[in-house]
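# Summary of the model geometry
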Amino acid sequence: MYELVIIGAGPAGLAAGLYAGRARLNTLILEKDAVGGQIAISDEIENYPGGKAGEPESGKELTNRMKAQVERFNVPIQKANVVSVDLKGDVKKLELATGETIEAKAVLIATGANPKKLNVPGEKEFTSKGVSYCATCDADFFSDLEVFVVGARNSAVEEAMYLTKFARKVTILCRREKLRCDAIVKERAEAIDNLEVLYNTSIKEIRGEGVVNQLLLVNNETKEEWTYDADEEDGLFGVFVFIGYDPNNALFVDQVEMDDSGYIIADEHMRTNLKNVYVAGDLRNTVLRQVITAAADGAIAAVTAEKELKELDY
């Protein structure tokens with residue numbers, strides 16, 4: 001019987017593990033993939049305070065340091081695939097793919113959300129080598145370069161507007177005949193000199209040599225295809241994909257309360273609608289999905305769990 005089981009070893013889960021370990025809670029972290037979550041594949045992290053000697057570091061370096069901190073306080077990180085959960089009782093039960101059942105007094109859900117992908121050739125190969133899913137994270141890397149933004153809703157257009165502060169030129173690729181954002185957002189975007197929109201246009205393939213320097217585009221009405229090459233002096237350009245997120249919520253759909261988009265609803269203490277069940281990070285209905293906010297969520301959740309577990313009588 002663990003006092004706290006954390007599902008997910010991204011920044012939220014690791015921060016929670018650190019705080020739980022310092023509180024001397026009997027804690028276990030479960031992670032089915034690599035420790036670090038989405039951010040582990042990023043080549044450079046510049047916006048997390050307290051980075052390595054104030055210099056950029058890779059997501060893997062950052063999360064490896066977090067992992068080492070957690071292990072220092074004797075919190076084990078077990079590679080395991082949770083296939084079902086029962087979180088409604090006083091004793092929480094988690095069944096693993098191996099058939100093992102783990103019991104806990106409290107559970108923290110930190111399984112995150114993944115950016116939706118275009119699923120075109122070259123996207124996976126050039127992720128973090130020109131393809132990005134986070135303007136806040138990577139805009140500075142494309143200062144004075146060209147970038148393309150894929151998407152048509154508010155988030156995509158707003159991210160494109162943000163990118164205009166860094167990039168020489170920003171082009172929104174809209175697969176339909178019009179943007180699907182609010183009118184006021186569209187008006188603001190149209191007023192920006194270095195922002196334009198290509199309608200009825202999609203990416204068919206992302207190409208390059210080491211970094212992205214060519215796109216194969218298609219007109220969705222005429223089916224005409226053409227290539228766009230990076231400026232010779234630049235040698236590369238950026239592709240930012242903002243077509244939504246897929247919350248990793250499948251295990252919890254019939255367990256905890258979620259919003260219409262599938263994100264788990266929580267209060268400011270990271271409590272869900274179930275007693276002693278918490279959520280932290282990108283799976284929470286939050287306004288910002290960054291390493292710093294995920295880590296903060298994890299810390300708050302662990303402190304809340306510690307206080308509430310002390311009130312339990314087992």
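Details of the structure are given in the entry above.
Residues numbered from 1 in each chain as written. Predicted model: local features only at pLDDT ≥ 70, side-chain atom pairs only at ≥ 80, totals over all residues. Heavy atoms only, no water.

What follows concerns the overall build of the protein chain. What the protein chain contains, in helices and strands, is six helices and 17 strands. Taken over C-alpha atoms, the radius of gyration comes to 21 Å for the protein chain, in line with the 20 Å a tight globule of 314 residues would show. For the protein chain, the spread of C-alpha atoms along the three principal axes comes to 65 × 40 × 35 Å. Going through the 314 residues of the protein chain one by one, you find that 48% of them count as buried. Taking contacts inside the protein chain between residues at least 6 apart in sequence as the whole, the part at least 24 apart equals 59%. If you sum the accessible surface of the protein chain, you get close to 15700 Å²; carbon and sulfur atoms cover 46% of it. Both charge centroids of the protein chain, one from 36 positive and one from 52 negative side chains, sit 5 Å from each other. (Helix = DSSP H or I, 4+ residues; strand = E, 2+ residues; numbered from the N terminus. Rg over C-alpha atoms; globule rule 2.2 N^0.38 Å. Buried < 20%, exposed > 50% of the residue type's maximum accessible area, 1.4 Å probe, protein only. Contact = heavy atoms within 4.5 Å. Areas by Shrake-Rupley, 256 points an atom, 1.4 Å probe, with all protein chains shown as cover. Lys, Arg positive; Asp, Glu negative; His and termini not counted. Charge placed at Lys NZ, Arg CZ, Asp CG, Glu CD.)

Judged by nonpolar contacts, the single largest core of 29 residues is most densely connected at Leu 4, Ile 6, Ile 29, Val 70, Leu 108, Tyr 278 and Ala 301. Breaking this core down by element, the ones donating at least two residues are strand 1 (2-7), helix 1 (11-22), helix 2 (59-72), strand 6 (101-109) and helix 6 (291-309). Looking at this core, the element that brings in the most residues is helix 6, giving six residues. Once residues lying within four places of it in the same chain are set aside, the contact partners of Ala 301 are Leu 108, His 269, Met 270, Tyr 278 and Ala 280. (Core = buried A, V, L, I, M, F, W, Y, C linked by side-chain atoms within 4.5 Å.)

According to the stated counting rule, one finds one disulfide in the structure shown. Disulfide pairing is shown between Cys 134 and Cys 137; the S-S distance is 2.2 Å. Looking along the S-S bond of the Cys 134-Cys 137 disulfide, the torsion reads about 75 degrees, which is the right-handed sense. Among the residues examined, Cys 134 registers a relative accessible area of 16% and is labelled buried. Between Cys 174, a free cysteine, and Cys 181, which holds the nearest cysteine sulfur, the sulfur-to-sulfur gap is 8.8 Å. Given the relative accessible area of 1%, Cys 174 is considered buried. For Cys 181, a relative accessible area of 13% translates into the label buried. (Disulfide = S-S within 2.5 Å.)

To continue, consider the pairing of strand 10 (residues 169-173). With respect to burial, strand 10 is a largely interior element, four of its five residues being buried. Bridging between strand 9 (residues 146-150) and strand 10 involves five bridges; their strand directions are parallel. Its bridge partner lying in strand 10, Phe 148 is registered against Thr 171. As for the winding sense of the linkage, the β-α-β connection from strand 9 through helix 4 (residues 154-163) to strand 10 is right-handed. Pairing of strand 10 with strand 11 (residues 195-198) involves four bridges; the strand directions are parallel. Bridging from a neighbouring strand, Val 170 pairs with Leu 195 of strand 11. You can see the chain leave strand 10, run along helix 5 (residues 183-190) and come back into strand 11, and the turn it takes is right-handed. (Pairing = 2+ DSSP bridges. Right-handed = clockwise from strand over helix to strand, strands pointing away.)

Moving on to the sheet that holds strand 8 (residues 131-132). As summarised here, the arrangement of the five strands in space is 8-15-9-10-11, forming an open sheet in which the pairing is parallel. Each edge of the sheet is formed by a strand with only one pairing partner; in this case those strands are strand 8 and strand 11. Strands in contact with helix 4 are strand 9, strand 10, strand 11 and strand 15 (238-241); relative to strand 9, the strand with the most contacts, it is inclined by about 170 degrees. (Axes fitted to C-alpha atoms, helices over the stretch in contact; angles between N-to-C directions.)

Here we come to the packing of aromatic side chains. All chains considered together, the criterion is met by six aromatic pairs. Residues Tyr 162 and Phe 166 carry aromatic rings whose centres are separated by 5.3 Å and whose planes lie at 55 degrees to one another, so their mutual orientation is tilted. Taking relative accessible area as the criterion, Tyr 162 reaches 28% and is therefore assigned partly exposed. Note on Tyr 228 and Phe 237: the rings are 6.0 Å apart at their centroids and 65 degrees apart in plane angle, and the pair reads as edge-to-face. Taking relative accessible area as the criterion, Tyr 228 reaches 25% and is therefore assigned partly exposed. The rings of Phe 142, Phe 240 and Phe 242 are connected pair by pair, giving a single aromatic cluster. Sitting over the ring of Tyr 133, Lys 117 keeps its end group 5.1 Å from the ring centre. A cation over an aromatic ring shows up here: Arg 289 above the ring of Tyr 245, its NZ or CZ 6.0 Å from the ring centre. (Phe/Tyr/Trp six-rings, centres within 6.5 Å; stacked < 30°, edge-to-face > 60°. Lys NZ or Arg CZ within 6 Å of the ring centre and 35° of its normal.)

Turning next to helix 2. In an α-helix, one turn spans 3.6 residues; hence positions three or four apart end up facing the same way. With 14 residues, helix 2 extends 20 Å from end C-alpha to end C-alpha; this agrees with the ideal 20 Å at 1.5 Å per step. Those residues of helix 2 that sit buried are Gly 59, Leu 62, Thr 63, Met 66 and Val 70. What you see down the axis of helix 2 is that its buried residues fit within an arc of 85 degrees, all on one side. Away from its buried face by more than 90 degrees, helix 2 exposes Lys 60 and Arg 72. Following helix 2 by one or two positions, Asn 74 adopts a phi angle in the positive range, close to 60 degrees. (Expected span 1.5 Å × (residues − 1). Arc of directions from axis to C-beta.)

With that settled, consider unusual backbone geometry. In this model, Asn 119 sits at a positive phi of 60 degrees, which is unusual for a non-glycine residue. Considering the arrangement of structural elements, one finds Asn 119 in the loop between strand 7 (113-115) and strand 8.

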